[in-house]
Amino acid sequence: MDWDVDELLAEPTTEVEQDYSSLCRQWLNERMAPELLPFAEDVVTRVTERLRAQVETLQTSIGTANATGYRSVLIQIELERIKFVLRSYLRTRLSKIDDYGQYIQANPSVLLNLSSTERQYLLRHQQLLHRHYMTSFLRELPIKMNKLDDTIGRTSMVAAPDMESPVFCMVNETIEENLRVAENEYVTLDRGDILLLKYSAIANYVRTGAVSLI
Amino acid sequence: MALPRELEATFSPEEVEFLAGNEYTDIVPLETMDQLPLVSATIPIMKPPRKCRVPLWLALELKRQHRARIVPPEWLDLSNLQSLQEQEMEIDMFSKMPFRWLETGHLLLKACPDDIEDVEEVRRILLTIREARQSKARAGLEAVNEVQLALDNLGAMEINEIRPLFRETMNRMRKIVQVSEEE
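Residues numbered from 1 in each chain as written. Chains lettered and ligands numbered in written order. Predicted model: local features only at pLDDT ≥ 70, side-chain atom pairs only at ≥ 80, totals over all residues. Heavy atoms only, no water.

- By the naming in an unreviewed UniProt entry, chain B goes by DNA replication complex GINS protein PSF2 and is assigned to Schizosaccharomyces osmophilus.
- In its Subcellular location (unreviewed entry) section, UniProt records this for chain B: "Nucleus".
- Recorded in UniProt under Sequence similarities (unreviewed entry), the annotation for chain B is "Belongs to the GINS2/PSF2 family." (UniProt positions renumbered as here; feature names shortened; annotations may be inferred.)

- Under an unreviewed UniProt entry, the name given to chain A is DNA replication complex GINS protein SLD5, and the source organism is Schizosaccharomyces osmophilus.
- Listed under Function (unreviewed entry) in UniProt, the entry text for chain A is "The GINS complex plays an essential role in the initiation of DNA replication."
- In the Sequence similarities (unreviewed entry) part of its UniProt record, chain A is described as follows: "Belongs to the GINS4/SLD5 family."

Here's the deal with the packing of aromatic side chains
In step 1: Here the structure, examined in full by the defined rule, presents six aromatic pairs over all chains.
In step 2: Pairing tryptophan 27 of chain A with phenylalanine 18 of chain B gives two aromatic rings, centres 6.2 Å apart and planes at 90°, and the pair type is edge-to-face. Of this pair, tryptophan 27 of chain A sits in helix 2 (residues 15-32) while phenylalanine 18 of chain B sits in helix 2 (residues 13-20), on two different chains. Of the two residues, tryptophan 27 of chain A and phenylalanine 18 of chain B, both sit in the buried class.
In step 3: Aromatic side chains tyrosine 133 of chain A and phenylalanine 137 of chain A sit 6.0 Å apart centroid to centroid with 55° between the ring planes, which places their arrangement in the tilted category.
In step 4: An aromatic cluster is defined as three or more aromatic residues linked by ring pairs; in this entry it consists of Trp27 and Phe84 of chain A together with Phe11 and Phe18 of chain B.
In step 5: In this structure, arginine 81 of chain A is placed above the aromatic ring of phenylalanine 18 of chain B, and the distance from its NZ or CZ to the ring centre is 4.1 Å.
In step 6: Sitting over the ring of tyrosine 70 of chain A, arginine 67 of chain B keeps its end group 3.8 Å from the ring centre. (Phe/Tyr/Trp six-rings, centres within 6.5 Å; stacked < 30°, edge-to-face > 60°. Helix = DSSP H or I, 4+ residues; strand = E, 2+ residues; numbered from the N terminus. Buried < 20%, exposed > 50% of the residue type's maximum accessible area, 1.4 Å probe, protein only. Lys NZ or Arg CZ within 6 Å of the ring centre and 35° of its normal.)

Section: the UniProt feature "domain: DNA replication complex GINS protein SLD5 C-terminal" (unreviewed entry) in chain A
In step 1: Feature annotation in UniProt places "domain: DNA replication complex GINS protein SLD5 C-terminal" (unreviewed entry) on residues 161-214 of chain A, given in this structure's numbering.
In step 2: In the segment residues 161-214 of chain A, helix accounts for 19% and strand for 50%; the C-alpha atoms at its two ends are 19 Å apart.

Description of the domain arrangement of chain A
Residue and element names in this part refer to chain A.
In step 1: For chain A, the domain assignment lists domain 1 (5-160) and domain 2 (162-214).
In step 2: The gap between the C-alpha centroids of domain 1 and domain 2 is 24 Å.
In step 3: The interface is formed by 16 residues belonging to domain 1 together with 16 residues belonging to domain 2.
In step 4: Inspection of the region where domain 1 meets domain 2 yields one salt bridge.
In step 5: Between arginine 207 and glutamate 35 there is a salt bridge, with its nearest N and O atoms 3.1 Å apart.
In step 6: Applying the counting criterion to the domain 1 and domain 2 interface returns three residue pairs in polar contact (both at pLDDT 80 or more).
In step 7: Every element with two or more residues in the side of domain 1 that touches domain 2 is listed here: helix 1 (3-9) and helix 2. (Domains from an automatic or database assignment. Contact = heavy atoms within 4.5 Å. Salt bridge = Lys/Arg side-chain N within 4 Å of Asp/Glu carboxyl O. Polar contact = N/O pair within 3.5 Å; in protein donor to acceptor, adjacent residues only side chain to side chain.)

Topic: unusual backbone geometry
Glycine aside, residues mostly have negative phi angles, and peptide bonds mostly take the trans form.
Residues and elements named next belong to chain B.
In step 1: In this model, proline 48 is joined to proline 49 through a cis peptide bond whose omega is -5°.
In step 2: Here proline 49 shows up in the loop between strand 3 (42-43) and strand 4 (52-55).
In step 3: Its identity is not glycine, yet histidine 66 carries a phi of approximately 60°, on the positive side.
In step 4: Looking at the element boundaries, histidine 66 is found in the loop between helix 3 (56-64) and strand 5 (68-71).
In step 5: Phi is positive for asparagine 153, which is not a glycine, with a value near 70°.

What follows is the structure in structure tokens.
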């Protein structure tokens, strides 16, 4: 009885529906992934544009006949839903940028995953933080001890995302080779499977969309 | 701070319900309505008594306003649920429930009990299935190792419930294994 998996993983048909579905999936992935994923620039831009257009339509229609009053309510409900997903998506990313600011700055490949607005935010936030720490107490410490990115010893001062963190995921497309999860342990990845694994094992598949986090 | 601490590890039940609201469902409109272009979809023209396929959130809203009746999904039918219940009781694994069965069932039972046949029996069966699966999930905790766990057929809400505990358990096992390997 495969009807459910197919229904669940069925791609929506129109571009509008695809974008929304894609946005929701990006939101889920971003929430559950320990690292910062590439910014879904295209989808977010298109959805934001449609949001803006819809708000305009709403405002112009407010003057007209009351018969459409109920339709406006439905439109507004949907707007709130879309804004909720968008806001949560952006907030999740901001939260990760806050936590791993130094790590991101030190890794140009990760920096690429940020949108330009996020990059500006990161820079200014880190500058503010650094200045604050400096003036609060770092200045008082001897020069050799006032670094914020000390890596001497076993632990680094820079907080990096825990890539081995376990995540729940669903397989969207059957993958040929079995996935290596440990020394001698492999798992099969068949469409519809739900697994709890360490994130690093499926990080690449999440990016391609073969696997999504749930 | 950008994201509240409680939401860092898992989703809130409301968010899981929100996602269930995106699923499409059939309704029977009670009033005509022109095509409605939305940001996430274009809602087709509604002409009673012809059925119409809309997102669940919209169906629930229309039902609330007495502008439509909701057609329960195929799986939410008494005989189907009865066989699912039997399956659930027989096997150790999780039986094949629709991915969003718990939250969708809950939303529909709350919003449109009058559109569901034998609704009380359906409610009872869903509860039984829920309890059976919950105890299986609890037993499944023993199977958690530091590497992987297969949880086929588990529902979205159920996963969300066990997520913090299972993740933390796996984390700790990982650390234990790590330390023991270093020795």
